[in-house]
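# Structural description and commentary
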Number of protein chains: 2
Amino acid sequence: MDYLKLDKNALREELSEKRKEYERIREKDLKLDMSRGKPAADQLNLSDGMLNILTHDDCVNHTIDYRNYGIFDGIPEAKEMFCDLLGAEKDEIMILGNSSLNIMYDAIIRSFVLGVNSSCPPWSKLEKVKFLCPVPGYDRHFRICERMGIEMINIDMTPEGPDMDTVERLVAEDEAIKGIWCVPKYSNPGGVTYSDETVRRFANLKPKAGDFRIFWDNAYCIHDLYDDGDKLLNLFEECKKAGNPSLPYIFGSTSKITYPGAGVAFIIASKNNIRRIIDRSGAQTIGYDKLNQLRHVKFFKNADGIKIHMKKHAELIRPKFETVLSALEREFSENKILEWTNPRGGYFISVNLLDGCAKRTVELCAEAGVVLTGAGATFPYGKDPRDRNIRIAPTFPTVAELSEAVEVFCLAVKLATLEKLLNI
Amino acid sequence: MDYLKLDKNALREELSEKRKEYERIREKDLKLDMSRGKPAADQLNLSDGMLNILTHDDCVNHTIDYRNYGIFDGIPEAKEMFCDLLGAEKDEIMILGNSSLNIMYDAIIRSFVLGVNSSCPPWSKLEKVKFLCPVPGYDRHFRICERMGIEMINIDMTPEGPDMDTVERLVAEDEAIKGIWCVPKYSNPGGVTYSDETVRRFANLKPKAGDFRIFWDNAYCIHDLYDDGDKLLNLFEECKKAGNPSLPYIFGSTSKITYPGAGVAFIIASKNNIRRIIDRSGAQTIGYDKLNQLRHVKFFKNADGIKIHMKKHAELIRPKFETVLSALEREFSENKILEWTNPRGGYFISVNLLDGCAKRTVELCAEAGVVLTGAGATFPYGKDPRDRNIRIAPTFPTVAELSEAVEVFCLAVKLATLEKLLNI
């Protein structure tokens, strides 16, 4: 059955039936949650070996005692491990605290207060600062912009990544555009991995602003669900080839590798950028938690250790993604009222409904005890101009909970769409 | 012998003798360091029980799984422990990352970008922002101001704390004065604990600026060398009594209780201040390292556990302070060319030489292989107007090293003073 091909009477009949189904489900008094991009407890258990891994000797047998002050930009062992994993040199990386979001926030704050480089004024001196925001995207990126009064410009996502024609044109013509937020692999929420051509076009951008930066949040860089994960071209290398080494700030963390909140985060950037960040953030702190960095290094041993660890995550998450995706396939392959992505990694599935149906679907789910990410959250200012996008986060619930939740979700999609088609 | 009472000939004779001594010491090729306020390895060993203290069950048996996202302002167990220790309610404290300096920096940054409260504009909109800086003081405080272009005004320290007559007058007349840096107990570097009257005068300040804050860096709140440690009146309580609950930001950390860099840091402030900080820093990060907070709680159990732990630190540090102080007593009780403080806690000893002798003393020490904190470092902009103050950090070297280093130091003081008195 495809609602888009039904006449009003058939739609009305279907609505009446779905409403009965919905009432039955409401009586179940469910409490389910598909809103949060959080690892489940069994994923966290994978890292419990890290809790008790450090000994006294581990901490002291270095050029300095890692239990004491010293080393601002990360212990060499951690730098080496992440450089191997991500392709960078030791003076092109800093290992910092527990949160890559905080590194991004600090980068923006520094740009406002102290400026990005010596030839451009601090953003606080400018009339207007704008960022390009591929949509749907990550609400936390947008929230930083909103907090700082940065004007956000929506850029449509395509199956290849952001619409690069628009990106290239805008950055070339508007000096107020100072950055773009990207989650280039298994994007949040679409699960899109940018194509090689998209990455190359990023590396070859010719921004009018001399202090434009690509905020490359590589949050899901090794978060593959399948052995043949998506391959993302190394932006940093491409930028060097293009003679644009200082264009990207590349961020990452182990929040979804070890523990969210108790992981380590890093930034990769050109030697010049790193040198400037160190210089400009020296007043901020004496240093970051070296013992937690060391904990990670001892637990993983090396970059391969991280990759092996991520396969264990994939074993646990894959069935959850497949539970949701097979339900969507079953319910909506003929009934063309829903489009969805088939991510091969990351933490989210993104769906598009008919225009004007997202909020109502989230509302219907909530009334039936299933919490979804708020409609609009994936857009700047929380405003989805077409009110059609919903982000599904399948990792935290169990497979059994997910099956139940996604059933409610599919029903809510149908109800909201029927109401829309019938102008109710 | 008191150089101040010698005639030129006697001074010359003494100089010639001291120079010979100095040459003998230089030949020893020493490598000693009294520059850094760092715990020694034996102090760090006291906390090694913390390295392996957490189990899986410790982490998961809470309202939420502490290994996962969630809780922005600190785990309740950590709040309770530090509230008990410092006298605050649970909604008057936030437990954050590893660095109280970073919390102070963030507070200043937020004031610039977003403002301190809703009735005052962000500091970035103001022509000028000034801070009062009791001197000698902590170089890292001054560095934040320097980085942010905040004009620093020196305030003399007295044995009771900062010169409050001047503080009261200046904050009452100048709206550009937005804060004052205080290390109220065992001040860095003087080791002065503010008197009850000083604390009460702070609590009753009537600043012209509606967004003036006392930056109360209580870094050495329980860092007593003796059982009968100095008692510091609770500023927070006094502020409440005075009807000024929102005047102070109170900072602290376990950097010198457990591990520098791998400790936990906190801020205590009025409910309104805390609520605003949470609101204004929500865009910054998802949360801080709850596992490290939990590690601390399990290790100490409660506030008393911290106090017992600090007695062990005192056992290790006390002989070091006494080594330095007894040498100063021996060399300079009659020879009145040096004044020094007798701190009963904290991390530093502060000495004042004759005007114009500090830099030269540090230089002479360096040439003889003894590193001291740079002269001037204890003043804003690194400029000691009288070039007389030197900070001695006795905790990091061994007692044997200290004995040797302080001997060199005393000799350097004498040489520099003799040169000065003889106009050489």
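The model shown is predicted, which means the values in this text are computed figures rather than measured ones.

Moving on, we get to the interface of chain A and chain B. Counting residues at the interface gives 42 residues for chain A and 42 residues for chain B. Elements supplying a minimum of two residues to the side of chain A that touches chain B: helix 2 (41-45), helix 3 (56-60), helix 5 (100-113), helix 6 (139-148) and helix 11 (290-300) of chain A. Sorting elements by how many residues they give to the side of chain A that touches chain B places helix 5 of chain A first, with 6 residues. Taken together, the residues that form the side of chain A that touches chain B break down as 20 nonpolar, 14 polar and 8 charged.

Overlaying chain A with chain B gives an RMSD of 0.1 Å, the required rotation being 180° about an axis along which the chain moves by 0.0 Å. Such a turn and shift between the copies fits a two-fold axis. It is Asn52 of chain A whose C-alpha, among those of chain A, lies nearest the rotation axis, at 2.2 Å. Both copies present the same face, since 100% of the interface residues in chain A are matched by interface residues at the equivalent positions in chain B.

For the rest of this paragraph, the subject is the sheet that holds strand 3 (residues 130-135) of chain A. With respect to topology, 8 strands assemble into an open sheet ordered 2-9-8-7-6-3-4-5 (chain A), the strand pairing being mixed. The open sheet has two free edges, formed respectively by strand 2 (93-95) and strand 5 (161-162) of chain A, since each of these has just one partner strand.

Nonpolar side chains in soluble globular proteins tend to be buried together. Within the largest apolar cluster, 253 residues are counted, with the highest numbers of intra-cluster contacts made by Phe266, Leu353 and Ala412 of chain A together with Phe266, Leu353 and Ala412 of chain B. Look past the residues within four positions of Phe266 of chain A in its chain and what remains in contact with it is Phe82, Ile93, Met94, Ile95, Leu96, Gly252 and Ser253 of chain A.

This part covers the pairing of strand 11 (residues 349-352) of chain B. Residue and element names in this part refer to chain B. Of the pairings in the sheet, the one linking strand 10 (residues 339-340) to strand 11 comprises 2 bridges and is antiparallel in character. The partner of Glu339 across the bridge, within strand 11, is Asn352. Pairing analysis gives 4 bridges linking strand 11 to strand 13 (residues 389-392), with the strands arranged antiparallel. Within the sheet, the bridge partner assigned to Ser350 lies in strand 13 and is Arg391.

What follows deals with the sheet that holds strand 2 (residues 93-95) of chain B. Residue and element names in this part refer to chain B. The sheet built from 8 strands is open, its strands ordered 2-9-8-7-6-3-4-5 with mixed pairing. Pairing within the sheet leaves two strands with one partner each, and these edge strands are strand 2 and strand 5 (161-162). Running over the sheet, helix 5 (residues 100-113) touches strand 7 (213-217), strand 8 (248-253) and strand 9 (265-268) and is turned about 155° from strand 8.

Here the focus is the environment of Val362 of chain A. Residues and elements named next belong to chain A. Within the element layout of this structure, Val362 appears in helix 13 (residues 358-367). By the C-beta count within 10 Å, which is 23 here, Val362 ends up buried. In this structure, the C-alpha to C-alpha distance between Val362 and Leu372, residues 10 residues apart in sequence, is 6.1 Å. What Val362 contacts, discounting residues up to four positions off in sequence, is Leu372, Gly374, Ala375 and Ile390.

The next subject is the confidence of the model for chain A. Across chain A, the average pLDDT comes to 97, with 100% of residues at 70 or higher. ipTM for the predicted complex: 0.96, alongside a pTM of 0.97.

Before going further, it helps to examine helix 14 (residues 399-421) of chain A. Taking 1.5 Å of rise per residue, 23 residues should cover 33 Å, and helix 14 of chain A covers 32 Å from first to last C-alpha, within 8% of that figure. Asn423 of chain A, located one to two residues past helix 14 of chain A, shows a positive phi value of around 55°.

Moving on, we get to the environment of Gly287 of chain B. Within the secondary structure layout, Gly287 of chain B lies in the loop between helix 10 (271-281) and helix 11 (290-300). Along the backbone, Gly287 of chain B and Ile337 of chain B are 50 residues apart, and their C-alpha atoms lie at a distance of 52 Å. Residue contacts for Gly287 of chain B: discarding those within four places in its chain leaves Gly261 of chain A together with Tyr69, Gly70, Ile71 and Phe72 of chain B.

Cut-offs and rules
- Residues numbered from 1 in each chain as written.
- Chains lettered and ligands numbered in written order.
- Predicted model: local features only at pLDDT ≥ 70, side-chain atom pairs only at ≥ 80, totals over all residues.
- Contact = placed C-beta atoms within 7 Å.
- Helix = DSSP H or I, 4+ residues; strand = E, 2+ residues; numbered from the N terminus.
- Nonpolar A, V, L, I, M, F, W, Y, C, P; charged D, E, K, R; others polar.
- Least-squares fit on C-alpha atoms with pLDDT ≥ 70 in both.
- Pairing = 2+ DSSP bridges.
- Core = buried A, V, L, I, M, F, W, Y, C linked by C-beta atoms within 7 Å.
- Buried ≥ 20, exposed ≤ 12 C-beta atoms within 10 Å, placed from the backbone.
- Axes fitted to C-alpha atoms, helices over the stretch in contact; angles between N-to-C directions.
- pLDDT = per-residue confidence, 0-100.
- Expected span 1.5 Å × (residues − 1).

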